2 protein chains.
Amino acid sequence: MNFNYTNPTMIQFGEGKISTISTLIPAGQRVLFLYGGGSIKKNGVYDQVVAALSGHQWFEFSGVEANPTVETLNKAVDLLKGEGLVYILAVGGGSVIDGAKYIAAAACYDGDGWDFLEGKCQVLKALPIGAVLTLPATGSESNPNAVITKAATKDKLDFGSKLVQPRFAVMDPTVMKTLPQRQLMNGIVDAWVHICEQYVTYPVKAMVQDAFAEGLLRTLKQLAETRDNQDDTWRENLMWAANQALNGLISAGVPSDWATHVLGHELTALYGVDHARSLSIVQPWLFRHEIEKKRAKLEQMGRNVFALDVGDDLAERTIDAIEAFYQSLEMETQLSDYGTDKATAVDALMAQLKAHGRDNLGEHQSIDEAGMRSIFELAVA
Amino acid sequence: MNFNYTNPTMIQFGEGKISTISTLIPAGQRVLFLYGGGSIKKNGVYDQVVAALSGHQWFEFSGVEANPTVETLNKAVDLLKGEGLVYILAVGGGSVIDGAKYIAAAACYDGDGWDFLEGKCQVLKALPIGAVLTLPATGSESNPNAVITKAATKDKLDFGSKLVQPRFAVMDPTVMKTLPQRQLMNGIVDAWVHICEQYVTYPVKAMVQDAFAEGLLRTLKQLAETRDNQDDTWRENLMWAANQALNGLISAGVPSDWATHVLGHELTALYGVDHARSLSIVQPWLFRHEIEKKRAKLEQMGRNVFALDVGDDLAERTIDAIEAFYQSLEMETQLSDYGTDKATAVDALMAQLKAHGRDNLGEHQSIDEAGMRSIFELAVA
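Rules of the game
Residues numbered from 1 in each chain as written. Chains lettered and ligands numbered in written order. Predicted model: local features only at pLDDT ≥ 70, side-chain atom pairs only at ≥ 80, totals over all residues. Heavy atoms only, no water. Contact = heavy atoms within 4.5 Å. Salt bridge = Lys/Arg side-chain N within 4 Å of Asp/Glu carboxyl O. Helix = DSSP H or I, 4+ residues; strand = E, 2+ residues; numbered from the N terminus. Nonpolar A, V, L, I, M, F, W, Y, C, P; charged D, E, K, R; others polar. Domains from an automatic or database assignment. Buried area = accessible area lost by both parts, 1.4 Å probe. Polar contact = N/O pair within 3.5 Å; in protein donor to acceptor, adjacent residues only side chain to side chain. Expected span 1.5 Å × (residues − 1). Buried < 20%, exposed > 50% of the residue type's maximum accessible area, 1.4 Å probe, protein only. Least-squares fit on C-alpha atoms with pLDDT ≥ 70 in both. 1 Å grid on protein atoms, 1.4 Å probe; cavity = no way out; pocket = protein on both sides within 12 Å on 5 of 7 lines; lining within 4 Å. Points joined across faces, edges and corners; volume = space filled by probe spheres on them. Phe/Tyr/Trp six-rings, centres within 6.5 Å; stacked < 30°, edge-to-face > 60°. Axes fitted to C-alpha atoms, helices over the stretch in contact; angles between N-to-C directions. Left-handed = near helix turned anticlockwise from the far one by under 90°. pLDDT = per-residue confidence, 0-100. Pairing = 2+ DSSP bridges. Lys, Arg positive; Asp, Glu negative; His and termini not counted. Parallel < 35°, antiparallel > 145°, perpendicular 65-115°, else oblique.

Enquirer: Please explain the interface of chain B and chain A as it appears in this structure.
Expert: You'll often see interface size given as the accessible area lost when the parts meet. Counting residues at the interface gives 37 residues for chain B, matched by 37 residues for chain A. Where chain B packs against chain A, one counts zero salt bridges. For the side of chain B that touches chain A, the elements supplying multiple residues, two or more each, are β1 (3-13), α8 (207-226) and α9 (232-245) of chain B. Looking at the side of chain B that touches chain A, its residues break down into 18 nonpolar, 14 polar and five charged.

Enquirer: Is there a simple way to explain the domain arrangement of chain A in this structure?
Expert: Residues and elements named next belong to chain A. On domain assignment, one finds that chain A holds domain 1 (10-174) and domain 2 (180-380). Taking only C-alpha atoms into account, the centre of domain 1 sits 26 Å from that of domain 2. Each partner contributes to the interface: domain 1 provides 23 residues, whereas domain 2 provides 22 residues. Interface area for domain 1 against domain 2, summed over the two sides, is near 2,000 Å², with a carbon-plus-sulfur share of 61%. Per-residue buried area on domain 1 facing domain 2 is highest for Pro136, Lys154 and Lys156; these three make up 29% of the total on that side. For the interface between domain 1 and domain 2, the tally reads one salt bridge. At the boundary of domain 1 with domain 2, the tally comes to six residue pairs in polar contact (both at pLDDT 80 or more). Here the side of domain 1 that touches domain 2 gets four residues from one element, more than from any other, and that element is strand β7 (residues 155-160). Tallied by class, residues from the side of domain 1 that touches domain 2 come to 10 nonpolar, seven polar and six charged.

Enquirer: When you look at helix α10 (residues 259-271) of chain A in this model, what are you seeing that I'm missing?
Expert: An α-helical turn contains 3.6 residues, so any two residues separated by three or four positions project in the same direction. Residue and element names in this part refer to chain A. For α10, built from 13 residues, the straight-helix expectation of 18 Å at 1.5 Å per residue is met to within 8% by its first-to-last C-alpha distance of 18 Å. The element α10 is extensively covered by neighbouring structure, given that 11 of its 13 residues are classed as buried. Along α10, the positions that sit buried rather than exposed are Ala259, Thr260, His261, Val262, Leu263, Gly264, His265, Glu266, Leu267, Thr268 and Ala269. Next to the buried residues of α10 lie β6 (145-150), β7, α7 (181-199), α11 (275-289), α14 (342-355) and α15 (369-380). At the exit of α10 stands Gly272, carrying a positive phi of roughly 70°.

Enquirer: Any chance you could explain the environment of Glu236(A) here in plain terms?
Expert: By secondary structure assignment, the location of Glu236(A) is in helix α9 (residues 232-245). On a C-alpha basis, the gap between Glu236(A) and Gly44(A) in space is 19 Å, while along the polypeptide they are 192 residues apart. Those residues within four positions of Glu236(A) in sequence are excluded, and the remaining contacts are Phe13(A), Pro173(A) and Met1(B).

Enquirer: I tried to follow the environment of Val254(B) on my own but got confused; where do I start?
Expert: All names here are of chain B. With respect to the helices and strands, Val254 occurs in the loop between α9 and α10 (259-271). Linking Val254 and Gln198, residues 56 residues apart in sequence, is a C-alpha distance of 7.4 Å. When neighbours within four sequence positions are excluded, Val254 is seen to be in contact with Gln198, Val204, Ala206 and Gln209.

Enquirer: Any chance you could explain the pattern of salt bridges here in plain terms?
Expert: Under the definition given, this model contains 38 salt bridges over all chains. For Asp313(A), the salt bridge goes to Arg317(A), with nearest N and O atoms at 2.9 Å. Put simply, Arg373(B) and Asp347(B) hold a salt bridge, and the shortest N to O gap is 3.0 Å. A residue pair is termed long-range when its members are at least 10 positions apart, and Arg373(B) in helix α15 (residues 369-380) and Asp347(B) in helix α14 (residues 342-355) qualify at 26 residues. What you see here is one network of salt bridges that share partners, running through Arg182(A), Asp274(A), Arg277(A) and Glu332(A).

Enquirer: I would appreciate a short explanation of the relation of the copies chain B and chain A in the present structure.
Expert: The operation relating the two chain copies consists of a rotation about an axis and a shift along that axis. Structural alignment of chain B on chain A gives an RMSD of 0.0 Å, achieved by rotating through 180° and translating 0.0 Å along the axis. Those values place the two copies in the arrangement expected of a two-fold rotation axis. Of the C-alpha atoms belonging to chain B, the one lying closest to the rotation axis is found on Pro8(B), 2.2 Å away. Of the interface residues in chain B, 100% have counterparts in chain A that sit at the interface too, so the contact is made through matching surfaces.

Enquirer: Where do I start with empty space enclosed by the protein in this structure?
Expert: Empty space among the atoms becomes visible once a probe the size of a water molecule is rolled across them. This structure, assessed with the given rule, holds three cavities of 30 Å³ or more. Roughly 190 Å³ of internal volume is contained in the largest cavity. In terms of lining residues, the largest cavity is bounded by 21 residues, among which Tyr5(A), Asn7(A), Tyr5(B), Asn7(B) and Asn247(B) are the most central. Of all the elements in the fold, those that place two or more residues in the lining of the largest cavity are β1 (3-13) and α9 of chain A together with β1 and α9 of chain B. Each residue belonging to the lining of the largest cavity can be placed in one class, and the counts come to seven nonpolar, 14 polar and no charged. Counted as a void, the second largest cavity has a volume near 50 Å³. Lining the second largest cavity are Gln198(B), Tyr199(B), Thr201(B), Gln209(B), Asp210(B), Ala213(B), Ile250(B), Val254(B) and Lys297(B). Broken down by secondary-structure element, the contributors of at least two residues to the lining of the second largest cavity are α7 (181-199) and α8 of chain B. Top contributing element to the lining of the second largest cavity by residue count: α8(B), with three residues.

Enquirer: What am I meant to see in the packing of aromatic side chains here?
Expert: Residues and elements named next belong to chain A. For the structure on display, the rule yields 27 aromatic pairs over all chains. Measuring from centroid to centroid gives 6.4 Å for Tyr87 and Phe168, while their planes differ by 20°, and the two rings are stacked. Pair noted here: Tyr87 is in strand β4 (residues 87-92) and Phe168 is in strand β8 (residues 168-171), with a separation of 81 residues, a long-range link. Taken individually, Tyr87 and Phe168 each receive the classification buried, so the pair is uniform in this respect. Aromatic rings pair up to connect Phe33, Tyr35, Tyr46 and Trp58 into one cluster.

Enquirer: How should the packing of α14(B) against α15(B) be read in this particular structure?
Expert: Residues and elements named next belong to chain B. Across the interface, α14 lies against α15 with an axial gap of 10 Å and an inter-helix angle of 145°. The two elements α14 and α15 cross, and the hand of that crossing is right-handed. Here α14 contributes Lys342, Ala345, Val346, Asp347, Leu349, Met350, Leu353 and Lys354 to the contact with α15, which in turn contributes Glu369, Met372, Arg373, Phe376, Glu377 and Val380.

Enquirer: I'm lost on the confidence of the model for chain A in this one. Help?
Expert: Predicted confidence across chain A gives a mean pLDDT of 96, with 100% of residues reaching 70 or more. What the predictor reports for the complex is a pTM of 0.97 with an ipTM of 0.97.

Enquirer: Looking at this structure, I do not really get the sheet that holds strand β8 (residues 168-171) of chain B. What am I missing?
Expert: Pairing between the strands of a sheet comes from backbone hydrogen bonds, and it takes one of two forms, parallel or antiparallel. One open sheet holds the 12 strands; their spatial order is β3(A)-β2(A)-β4(A)-β5(A)-β8(A)-β1(A)-β1(B)-β8(B)-β5(B)-β4(B)-β2(B)-β3(B), and the pairing between them is mixed. If you trace the sheet from one side to the other, it starts and ends with β3 (58-61) of chain A together with β3 (58-61) of chain B, each paired once. For this sheet, the mean angle separating the axes of adjacent strands, direction not counted, is 20°. Pairing analysis gives four bridges linking strand β5 (residues 129-133) of chain A to β8(A), with the strands arranged parallel. Paired with Val132(A) across the bridge in β8(A) is Val170(A). Contacting β2 (31-35), β4 and β5 of chain A, helix α5 (residues 94-106) of chain A runs over the sheet at an angle of about 165° to β4(A). The strands touched by helix α4 (residues 70-83) of chain B within the sheet are β2 (31-35), β3 and β4 (87-92) of chain B, with β3(B) carrying the most contacts at an inclination of about 165°.

Enquirer: It is not clear to me how the side chain of Asp98(A) should be interpreted in this structure. Could you clarify?
Expert: All names here are of chain A. Mapped onto the elements, Asp98 comes out in helix α5. Although buried, Asp98 forms no salt bridge, and the nearest oppositely charged side chain, Lys101, lies 4.4 Å from it. Within the structure, the side chain of Asp98 is placed 2.9 Å from the backbone nitrogen of Val147, a separation counted as a polar contact. Sequence-distant contacts of Asp98, that is, excluding residues within four places in its chain, are made with Pro68, Ser140, Asn145, Ala146, Val147 and Ile148.

Enquirer: Any chance you could explain the packing of helix α12 (residues 291-304) of chain B against helix α13 (residues 314-328) of chain B here in plain terms?
Expert: Packed helices, taken two at a time, are described by the angle between their axes plus the distance between the axes. Residue and element names in this part refer to chain B. Where α12 contacts α13, the two axes come as close as 8 Å, and the packing angle between them is 70°. By the angle between their directions, the pair α12 and α13 is classed as roughly perpendicular. Two packed elements cross with a definite hand, and for α12 against α13 that hand is left-handed. Between α12 and α13, the contacting residues are Ile291, Arg295, Leu298, Glu299, Met301, Gly302 and Arg303 on the first element and Leu314, Ala315, Glu316, Thr318, Ile319 and Ile322 on the second. Each residue belonging to the contact of α12 with α13 can be placed in one class, and the counts come to seven nonpolar, two polar and four charged.

See below:
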């Protein structure tokens, strides 16, 4: 076991914590207030943020999409530069916070910000970011990663840098009261798959990491059974579980996979599938394709998360249980549920992967082109 | 659930990581190299640290005791001030790291450093600390707390400040190969009780915190069964579990107790009982005394940590299981095992508590003087 780990994001968790922004953002900083489609104006979050920003100079930029695009974000960069803004306050879910990370890096870079996504250069400098989380799902509020889309070419890629990790994250679970069920279920599945990407890999006897991952999975499973976002503890537990699912803790010192995400991103980019649903479509089929490599950990998950009986087909039954879990949340588990053209979808998806240079995926880097095609053929059917 | 949480300590985990000190301590800083009784000279850690410090000006101070005393630490403060040292590198277990925290604060304070322990003033400034952990137990390497003893008056008190939390913590599990079994077992029990102090309290439906705490307890229980510090994964898991047991994570948003520690400290101060053993002596009796207040969580612990069958006396059986666990590690569970004078011990311990102003303990602040006496009478018998 060999790793470096730190998580410097200051978490402010609890009702009313939005007001702490006023002191968390240093005095005298000119602020870009970034948000999405306007739901924060309906649920009171916008007003709370404005009140907290009363001691600061700030400018707002709204309209960050569910899968944030460079086309939109570059407009925010222009506003930021034009007004001389030096601090970004992202108010929203993972998309807005991911968008803020792009803006923070692009604002300090002379070239095209998309270079970070294509891996042409590393982030060397970035503006500070603060986050107010309104939708628990991605963990972006306290991690260094972002996924950004280029609408023109339907590219959905990721980048990461400690420099763009939020300085603080305000997590007030009361803001979840007005979220639609579809978004809450998406959030549960997104967090669930994040955990799986860091847990359903080859075993390295990391007892703490495994125990934490299994505890988070059991928590999400239990929360999915009640789905009551009017209950205080339900909201609190979901918000904290989704955060812990992807903040570097459970991946410290253990292998990570992320193939489900890479394949899923292409479903979103080409067919507009919700991020979480792209994962529920890909993952069961990817697990079936990779079952021999993942058998030991799938068996462990079957025992410790689903309380399944031991047996030769335990790994197979664990995958079935995962699939049934997704279906119980009304998540699609086949791309055909989206009405795509089966005849052309696989070729189109493979062309995207090729364009993005995705030639070997998974914790063993062993899912090659033929493997990706097989997984897509299963998922599309 | 309402809390603030961050843990900025940079963890460097794995074999060979001591060499990273060379860059973790900023260039040009004059360093105080603080350590304990000299075991680091036998196991090679001293040489590794000296090699890593080759680019820095440094002065060493050795002889920090198992329960670090202000008498000793104040000498280190004098050395530090005399030589104009500005960075403290603590190499050892919790005692050395706790000692470094005292030195870091006392060096920046005009008055008597003991004022921090007596709560007469808060830490407003402190020198930076780096830690190289040689004994997993206290979690001090990435938390803000320290326990310090005044030998002259047999006072053992604690203080805490984010300002004295180590900037980095090097955790190389290979250094544990030469640790004696007694210290390893002490470490397991110390970490175990830390978790209990944050978990065996009244339930607040904090699913993630409970799952993490239970996962850590099961991990420690399993490690205690094999006790093989020649095994790589055994050492890695113990070192990481003890760290996660007390870094603020599992206590975020939930009640904490710490009464076992407060009572145990007096056993150490008066009778020289090893810290971990003071806890194994006090805790079962404290739990029996407080069983009605802690019944729900003890039952949960019985089910999820010891896999006990449900039943009316589950809480009682859980306490018995904890006591049997300590005894299986050759830990004492009565003060009389130490050959103390039963007739005078309780009065002496109560006088200490009174002198330290300890009038209400526990997560409900409901263990009063009579309660403390009852617990001591049970533990001393």
